[in-house]
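So you can see what is in the structure, the chains are spelled out below.
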Amino acid sequence: MSSFTEASGATGAAGPGGTTACYVYGIVPEDVEISEDAVGVGEPPGRIKLVRHGEIAALISDVDVDRPLGRAQDLVAHEQLLDAAAAEVPVLPLRFGAVVTTADAVVEELLAPHHDQFAAALKEIEGRTQYVLKARYLERPVLMEVLSENPEAGHLRDRIRDLPEDATRNERIRLGEIITYAISAKREADSQDVVDRFASCTAAAVIREPTHERDAAHVAFLVEDERQADFDRCLEDLRRDWAERAEIRLLGPMAPYDFVVTQR
C-alpha cells in the first residue's frame, strides 16, 4: 500500500466539528502526501488527512464521538495505517485510541508543544524500520532437549511412563514444573542469542514478553534500510540453525512501536 509518499505543497486538514472529533494515528514529516484511498478507524472507515505545523504533521481522520472505539477492526485499521506509512516515510506512532476534539486542538495540544522533540525523533528514525521476530519451540524437540539436559526430569519421565496418572500425580506435577522452568531458561538464553546474532546488522533491539508457553524468542529490531540484506542473511542463518527445534516468523516492516511510541 503506497498511501504515503514524500511530497510538498499539500494543504492542511480542516478541523472537524459537530458530533465528530479527530482520531490521531501518528506524527510524520510535514512534506508527506496521502493517497485518497488511505483510510483508518471507524464504520465506515475514516479518510486519512494531515494537520501540519512547522516541520511535522499529524495523521488524522474524523471519528464519530458517539461511537466508542475498541473493536478488533479498529485496532487492525490503526496498525495497518501506521505500518503502511512506515514503509514509505518516518512515522512516530501514537497509542491506539488517541482522540482530540478538533484539528486546531491537534496543533495546540500535540504538535506545537512537542514540535522540536518530534522533529528530532523523526530524523533519528529516518531510513529505519521495525521488524518483529517470533520463534516458537517445536513441542517434541524442546521436550527432548529438557529431558536429556535435566537428570531429574529424565528420571521422573521414566518413573511415570508405565504407571497410572492417579498413582503418579505428584511426580507429574513436579515434571511439569521442571519443564516449565527449563523452557523459561532456554527462552532467556535463546532470546539473547537472537539479539547477539543480529547485533551487527540492526540499530537496536528490544526483547518482548513471551506470548506463548513455547516461545523461544520474541524480539523487535530496528533495521536500517542500507543493512536490510545483512539482516535477511542473519535471518536465513537462524532459520537454518534452528530448523529442527523452532518455527520462526518475521513480522514487518512496521511502524517503530517498540522504539519511539508517542503517548497521548
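1. Let's talk about unusual backbone geometry
Here the bond from glutamate 43 into proline 44 is cis, since omega is 5 degrees, no more than 30 degrees from zero. Within the secondary structure, proline 44 sits in the loop between strand 3 (32–34) and strand 4 (49–53).

2. Comments concerning the pairing of strand 4
Burial analysis of strand 4 places four of its five residues in the buried class, the great majority of the element. Direction of pairing for strand 4 relative to strand 5 (residues 56–64): antiparallel, over a ladder of five bridges. Pairing of arginine 52 across the sheet is with alanine 57, part of strand 5. Between strand 4 and strand 5, which pair antiparallel in sequence order, lie two residues; one of them, glycine 54, sits at a positive phi of approximately 60 degrees.

3. Quick word on the packing of aromatic side chains
A complete count under the given rule lists six aromatic pairs for this structure. Between tyrosine 23 and tyrosine 25, the ring centres sit 4.6 Å apart and the planes meet at 55 degrees, which makes this aromatic pair tilted. As far as burial versus exposure is concerned, tyrosine 23 and tyrosine 25 are alike and both buried. Connected via pairs of aromatic rings, a cluster forms that spans Tyr131, Phe198, Phe221 and Phe231. Its end group placed over the ring of tryptophan 242, arginine 245 keeps NZ or CZ at 5.1 Å from the ring centre.

4. Considering the side chain of histidine 218
Mapping histidine 218 onto the fold places it in strand 10 (residues 215–224). Histidine 218 sits in the buried class, given a relative accessible area of 6%. For histidine 218, the side chain forms a polar contact with the main-chain oxygen of glutamate 209, separated by 3.0 Å. Dropping the residues within four chain positions of it, histidine 218 is found in contact with Val132, Leu133, Lys134, Ser191, Val206, Ile207, Arg208, Glu209 and Thr211.

5. Considering the confidence of the model for the protein chain
Looking at the protein chain as a whole, the pLDDT averages 88, with 92% of positions reaching at least 70. Within the model, pLDDT remains below 50 along residues 1–17, and this stretch shows 47 contacts once partners closer than five positions in the same chain are excluded.

6. What about the sheet that holds strand 9 (residues 204–207)?
Taking strand neighbours across the sheet as the criterion, the four strands line up as 9-10-8-11 in an open arrangement whose pairing is antiparallel. Since the sheet does not close on itself, it has two edges, and those belong to strand 9 and strand 11 (246–254), each with one partner. The sheet shows a mean angle of 20 degrees between the axes of neighbouring strands, taken without regard to direction. Judged from the four bridges that link them, strand 9 and strand 10 form a sheet pairing that is antiparallel. By the bridge assignment, alanine 205 is partnered in strand 10 with phenylalanine 221. Packing of helix 7 (residues 228–241) onto the sheet brings it into contact with strand 8 (128–137), strand 10 and strand 11, and relative to strand 11 it is tilted by some 160 degrees.

7. Some points on the environment of alanine 121
Structurally, the position occupied by alanine 121 is in helix 3 (residues 115–125). For alanine 121 and leucine 92, which are 29 residues apart along the polypeptide, the C-alpha to C-alpha distance reads 7.8 Å.

8. A word on the layout of surface pockets
Put simply, the largest pocket is a space of about 360 Å³. The wall of the largest pocket is formed by 18 residues, among which Leu75, Glu79, Arg208, Met254 and Tyr257 lie closest to the centre. Those elements giving two or more residues to the lining of the largest pocket turn out to be helix 1 (72–86), strand 8 and strand 11. By residue number, the principal contributor to the lining of the largest pocket is helix 1, which donates six residues. Put simply, the second largest pocket is a space of about 230 Å³. Taken together, Glu139, Val142, Leu143, Ile179, Thr180, Ile183, Ser184, Arg187, Glu213 and Arg214 form the lining of the second largest pocket. When residues of the lining of the second largest pocket are traced back to their parent elements, those giving at least two are helix 4 (139–149) and helix 6 (169–198). Broken down by element, the lining of the second largest pocket gets its largest block of residues, five residues, from helix 6. Considering only residue class, the lining of the second largest pocket consists of four nonpolar, two polar and four charged.

9. A word on helix 7
Its 14 residues give helix 7 an end-to-end C-alpha distance of 20 Å, which sits within 8% of 20 Å, the value for a rise of 1.5 Å per residue. Taken together, the buried positions of helix 7 are Phe231, Cys234, Leu235 and Leu238. Taken around the axis of helix 7, the buried residues stretch over an arc of 100 degrees, which confines them to a single face. At its buried positions, helix 7 is contacted by strand 8, helix 6, strand 10 and strand 11.

What counts and what doesn't
Residues numbered from 1 in each chain as written. Predicted model: local features only at pLDDT ≥ 70, side-chain atom pairs only at ≥ 80, totals over all residues. Heavy atoms only, no water. Helix = DSSP H or I, 4+ residues; strand = E, 2+ residues; numbered from the N terminus. Buried < 20%, exposed > 50% of the residue type's maximum accessible area, 1.4 Å probe, protein only. Pairing = 2+ DSSP bridges. Phe/Tyr/Trp six-rings, centres within 6.5 Å; stacked < 30°, edge-to-face > 60°. Lys NZ or Arg CZ within 6 Å of the ring centre and 35° of its normal. Polar contact = N/O pair within 3.5 Å; in protein donor to acceptor, adjacent residues only side chain to side chain. Contact = heavy atoms within 4.5 Å. pLDDT = per-residue confidence, 0-100. Axes fitted to C-alpha atoms, helices over the stretch in contact; angles between N-to-C directions. 1 Å grid on protein atoms, 1.4 Å probe; cavity = no way out; pocket = protein on both sides within 12 Å on 5 of 7 lines; lining within 4 Å. Points joined across faces, edges and corners; volume = space filled by probe spheres on them. Nonpolar A, V, L, I, M, F, W, Y, C, P; charged D, E, K, R; others polar. Expected span 1.5 Å × (residues − 1). Arc of directions from axis to C-beta.

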